[in-house]
Amino acid sequence: MVQTFAPFAKPLYVMLKPIGSVCNLRCRYCYYLDKKHFYPDEKRFVLSDELLEKFIRQYLESQTMFDVLFTWHGGEALMRNIDFYKKALALQTQYKNGRSIDNCIQTNGTLLTDDWCKFFKDNNFLVGISIDGPQHCHDKYRLTADGRPTFVQVMRGLNLLKKHGVEYNIMAVVNDYNVDYPLEFYQFFKDTDSRFIQFAPIVETLPNGQFAPWNVPAAKWGDFLTTLFDKWVRNDVGQFFIQYFDSTLANWIGEQPGTCILAKQCGHAGVMEFNGDVYCCDHFVFPEYKLGNIRTQSLTEMMYSDRQLLFGENKQTGLPEQCKKCEYLFACNGECPKNRIISTASGEPGLNYLCEGYYKYFNHVAPYMDFMKKELLAKRPPANIMKTFS
């Protein structure tokens, strides 16, 4: 039986897009830039002061937890100026009602300055910065509108974050090119002392129905994960934190993973566009997944609606038989529904595009995860694994 949540039984989380899909770069694999076509009459794509206040007030009023996280995303979130975020912080203070508030913001890093970094440090922002690995990997797809590479600009931004002591983590997209360089990819982030690393495989379908040429081949995705894991598990457990590996271990011990794609249910994380439209998920900003608008409905009504609950439940009910019988379903949970775009050998739809790679990865890491699980259950550090598997 699929677990459902009664209203207010889980934290409400909604990412905010204060500049919509507007961005100063044109990364070739970006899935989000074309969202502006859903708003053909808009020219500025700017969140109004009215909607900013409405969102912050409702978001804080809806929370069941003492600690509240605001996430600012894009497009490129730094295309709103510092004064905008100062206004947001003032509103958070006005409506927080004793709660503890944290802010995180995602950026491509090219617009970072000393002023921005000082602001982030002074206000305890966590900054997510997008880098796809070393220069030849990053500059393959992360380009300006006129096709120029961006690696040098991004590294300048990263160094400014370090200079000002801003807490940051890395978001890297894994594509058809950098998937062939897992060790160089990982060593680059170690060399830059980036200790919190998230990465996401690119899986997109073009308007003509064909798979995008920059998609990660499923088998190579498995090779990438296992190669990187072997390096990490022998040298860096407890020193460098890779979200995929942490989330795998969480599922191994029956805890909630840190990434939604490996969780049992979707639907706990919505997104609000610049005009107040709220969608089920950042990867499902399509008309059929629009929950409503904050001008006419509250965040609580939308995020705990039957439509959103059904969206979450469908992650399990929509699995093909091959997944339901898989020994690693507990670890994968079918991964992200947006990637369930192929059919099984028997012709049943709904199989994850990356299934082959994930199976290879989970099969490979199983003995290591079993070991770390035992250590955790015995209240010993999982980093002990480095003494055993060296």
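Each remark here, short or long, concerns the structure printed above.
None of the values given here were measured: they were computed from a predicted structure.

(A) Up close: the nonpolar core. Ranked by size, the top nonpolar core spans 109 residues in total, and within it F55, W72, F120, F199 and W221 carry the most contacts. If you tally residues by element for this core, the top one is helix 13 (residues 355-377), at nine residues. If you look at the next biggest cluster of nonpolar residues, it comprises 10 residues, including Y39, F45, Y279 and V285.

(B) Spatial organisation of the packing of helix 2 (residues 82-95) against helix 3 (residues 114-122). The interhelical angle for the contact between helix 2 and helix 3, taken along N-to-C directions, is 10 degrees, at an axis separation of 11 Å. Put simply, helix 2 runs roughly parallel to helix 3. Where helix 2 abuts helix 3, its residues I82, Y85, K86 and L89 lie against D115, W116 and F119. Considering only residue class, the contact of helix 2 with helix 3 consists of five nonpolar, no polar and two charged.

(C) Representation of the environment of L225 within the structure. Mapped onto the elements of the fold, L225 is located in helix 7 (residues 218-235). Since its relative accessible area comes to 0%, L225 is described here as buried. Considered as a pair, L225 and V179 are 46 residues apart in the sequence and their alpha carbons are 9.2 Å apart. Residues contacting L225, with those up to four places away along its chain left out, are F199, Y244, F245, Y358 and Y361.

(D) Local environment of the side chain of T107. Checked against the element boundaries, T107 lands in strand 3 (residues 100-107). A polar contact of 2.8 Å, which involves the side chain of T107, links it to the side chain of E76.

(E) Quick peek at the packing of aromatic side chains. Applying the stated criterion across every chain, the model contains 50 aromatic pairs. Geometrically, the ring pair formed by Y39 and F274 is edge-to-face, given 5.2 Å between the ring centres and 75 degrees between the ring planes. Note that Y39 is positioned in the loop between strand 1 (13-16) and helix 1 (49-61) and F274 in the loop between strand 8 (269-272) and strand 9 (277-279), a separation of 235 residues in sequence. Each member of the pair Y39 and F274 is classed as buried. Where F119 meets F125, the ring centres are 5.5 Å apart and the plane angle is 45 degrees; that geometry is what we call tilted. Overall, the relative accessible area of 6% leaves F119 in the buried class. The buried category is assigned to F125, whose relative accessible area is 2%. Residue placement shows R80 over the ring face of F84; its charged tip is 4.0 Å from the ring centre. We note K140 situated over the ring of Y141; from NZ or CZ to the ring centre the distance is 5.9 Å.

(F) Seen up close, the pairing of strand 4 (residues 125-130). Burial of strand 4 is extensive: five of the six residues sit out of reach of the surface. Alignment of strand 3 against strand 4, held across five bridges, turns out to be parallel. Residue pairing in the sheet places I105 in a bridge with V127 of strand 4. Handedness of the crossover joining strand 3 and strand 4 through helix 3 is recorded here as right-handed. Of the strand pairs in this sheet, strand 4 and strand 5 (residues 168-174) are connected by four bridges, and their pairing is parallel. Within strand 5, the residue paired with V127 across the bridge is Y168.

(G) Up close: the layout of surface pockets. Considered as a void within the structure, the second largest pocket measures approximately 570 Å³ in volume. Residue lining of the second largest pocket: 23 residues in total, with Y31, K35, E204, T205 and F286 positioned closest to the centre.

Cut-offs used in this document
Residues numbered from 1 in each chain as written. Predicted model: local features only at pLDDT ≥ 70, side-chain atom pairs only at ≥ 80, totals over all residues. Heavy atoms only, no water. Core = buried A, V, L, I, M, F, W, Y, C linked by side-chain atoms within 4.5 Å. Buried < 20%, exposed > 50% of the residue type's maximum accessible area, 1.4 Å probe, protein only. Helix = DSSP H or I, 4+ residues; strand = E, 2+ residues; numbered from the N terminus. Axes fitted to C-alpha atoms, helices over the stretch in contact; angles between N-to-C directions. Parallel < 35°, antiparallel > 145°, perpendicular 65-115°, else oblique. Contact = heavy atoms within 4.5 Å. Nonpolar A, V, L, I, M, F, W, Y, C, P; charged D, E, K, R; others polar. Polar contact = N/O pair within 3.5 Å; in protein donor to acceptor, adjacent residues only side chain to side chain. Phe/Tyr/Trp six-rings, centres within 6.5 Å; stacked < 30°, edge-to-face > 60°. Lys NZ or Arg CZ within 6 Å of the ring centre and 35° of its normal. Pairing = 2+ DSSP bridges. Right-handed = clockwise from strand over helix to strand, strands pointing away. 1 Å grid on protein atoms, 1.4 Å probe; cavity = no way out; pocket = protein on both sides within 12 Å on 5 of 7 lines; lining within 4 Å. Points joined across faces, edges and corners; volume = space filled by probe spheres on them.

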